[in-house]
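# Architecture and fold: a report
Letter by letter, the chains look like this.
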Amino acid sequence: ISKIRRLYRMGHPTLEITKRIINFSHPHHRRRIIKAFVINQMLKGSNERKRFSEENGFYPPGFFALSPTMRCNLHCHGCYAGNYSKEEDLDAEVIDRVIREANQMGMYYVIVIGGEPFLREDLIDIFARHPETSFMVYTNGTMIDEAFAKRLLQVGNVLTILSLEGFKRETDERRGEGVFDKVMEAMDILKRNRVLFGFSVT
C-alpha cells in the first residue's frame, strides 16, 4: 500500500494504465481480477509468502509457469510445439493439486503457456475451480470466438495474452496465412466483451 501511495504521488505511468483498465474492463471481470491478483497475489499472498519463508527457511517464488499441454493447432516455423501427443497433457487432477499447493505457499498468480493452452477443452473449467487465483494465458488467439470470450468473462480471473510476430507479413510468414487477421478478430471480440487482454510480440 505504501508503494502504491508513492506511485500515486509521483504520477507514475502505471496509474494511467490502471485507470484505462478500470474504465475498459467489464465490472465482473474487473472485480475478479482485483480480488485474485491485487488482493490475493500482491497483498494477502505477499504476507503468506513471508510467513512461509520464516517457517521453511526459503522464500517461495511469486508465481509459476504451467504448461497444461504442448499440443498446438499451428505449425510455426522453428517452434518446438505442435508435434506432441494428447497423452502428454498434464492430468487435470495434477494441475488442481499444484495450484492448491501454490496457494498454500502464497502464490495466487499462474502464467499458462503451451503449445496452445486453449486446446485443452477443460482449461476454463480448471480456472473456474480456482477463483482465488489469477491466470495469465499466452495464446495464439485463433480459438477465441464470441462464445469463448463470454466464457472468459464469466470465469473472470483470466487475462489472455495474444502472440504475434509483428504485423501481418511477419506473423503470417511464421504462423501461417491468415493468422494475423484471426488474432486481430480475437482482439476485437475480447474488446467488444470488455475482457482484458494483452499481446506478446517477437
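In case you missed it, the structure is sitting above this.
Residues numbered from 1 in each chain as written. Predicted model: local features only at pLDDT ≥ 70, side-chain atom pairs only at ≥ 80, totals over all residues. Heavy atoms only, no water.

### What about the side chain of Asn 40?
The following threshold applies: Secondary structure is summarised from DSSP: a helix means a run of H or I of at least four residues, a strand means a run of E of at least two, and numbering begins at the N terminus for each. Using a 1.4 Å probe on the protein chains alone, a residue whose accessible area is under 20% of its type maximum counts as buried, one over 50% counts as exposed, and one in between counts as partly exposed. Pairing of N or O atoms within 3.5 Å defines a polar contact, subject to two protein rules: one partner must be a possible hydrogen donor and the other a possible acceptor, and residues neighboring in sequence count only if both atoms are side-chain atoms.
Note on placement: Asn 40 falls in helix H3 (residues 27-56). Residue Asn 40 is classed as buried on the basis of its relative accessible area, which comes to 1%. For Asn 40, the side chain forms a polar contact with the main-chain oxygen of Glu 132, separated by 2.8 Å.

### Concerning the sheet that holds strand S5 (residues 197-201)
What counts here: Strand pairing requires that DSSP identify at least two bridges connecting the strands. Note on geometry: axes are C-alpha line fits, over the in-contact stretch for helices, and angles between N-to-C directions span 0 to 180 degrees.
Sheet architecture is open: 5 strands sit in the order S1-S2-S3-S4-S5, paired in parallel fashion. Single-partner strands in this sheet number two, and they are strand S1 (64-66) and S5. Across the sheet, the axes of successive neighbouring strands diverge by a mean angle of 25°, strand direction being ignored. Direction of pairing for S1 relative to strand S2 (residues 109-112): parallel, over a ladder of 3 bridges. In the sheet register, Leu 66 faces S2, and the bridge partner there is Val 112.

### Points about the side chain of Thr 171
Put simply, the test is: It only takes one pair of heavy atoms within 4.5 Å for two residues to be counted as in contact.
Among the structural elements, Thr 171 can be located in helix H7 (residues 168-175). Owing to a relative accessible area of 0%, Thr 171 belongs among the buried residues under this scheme. Here Thr 171 is in contact with Leu 164, Glu 165, Gly 166, Gly 176, Val 179 and Phe 180, once residues within four sequence places are set aside.

### Examining unusual backbone geometry
A cis amide bond, omega 10°, links Gly 114 with the succeeding residue Gly 115. In this fold, Gly 115 is placed in the loop between S2 and helix H5 (123-128). Phi angles above zero are rare outside glycine, and Arg 194 is one such case at about 60°. Its place among the elements puts Arg 194 in the loop between helix H8 (179-192) and S5. Owing to a relative accessible area of 32%, Arg 194 belongs among the partly exposed residues under this scheme.

### A short note on the packing of aromatic side chains
Formally: Centre distance within 6.5 Å is the pairing criterion for rings of Phe, Tyr and Trp, where only the six-membered ring of Trp is used; planes under 30 degrees apart are then read as stacked, over 60 as edge-to-face, and the remainder as tilted.
Scanning the entire structure with this criterion turns up 5 aromatic pairs. Feature note: the residues Phe 37, Phe 63 and Tyr 109 constitute an aromatic cluster, connected by ring pairs.

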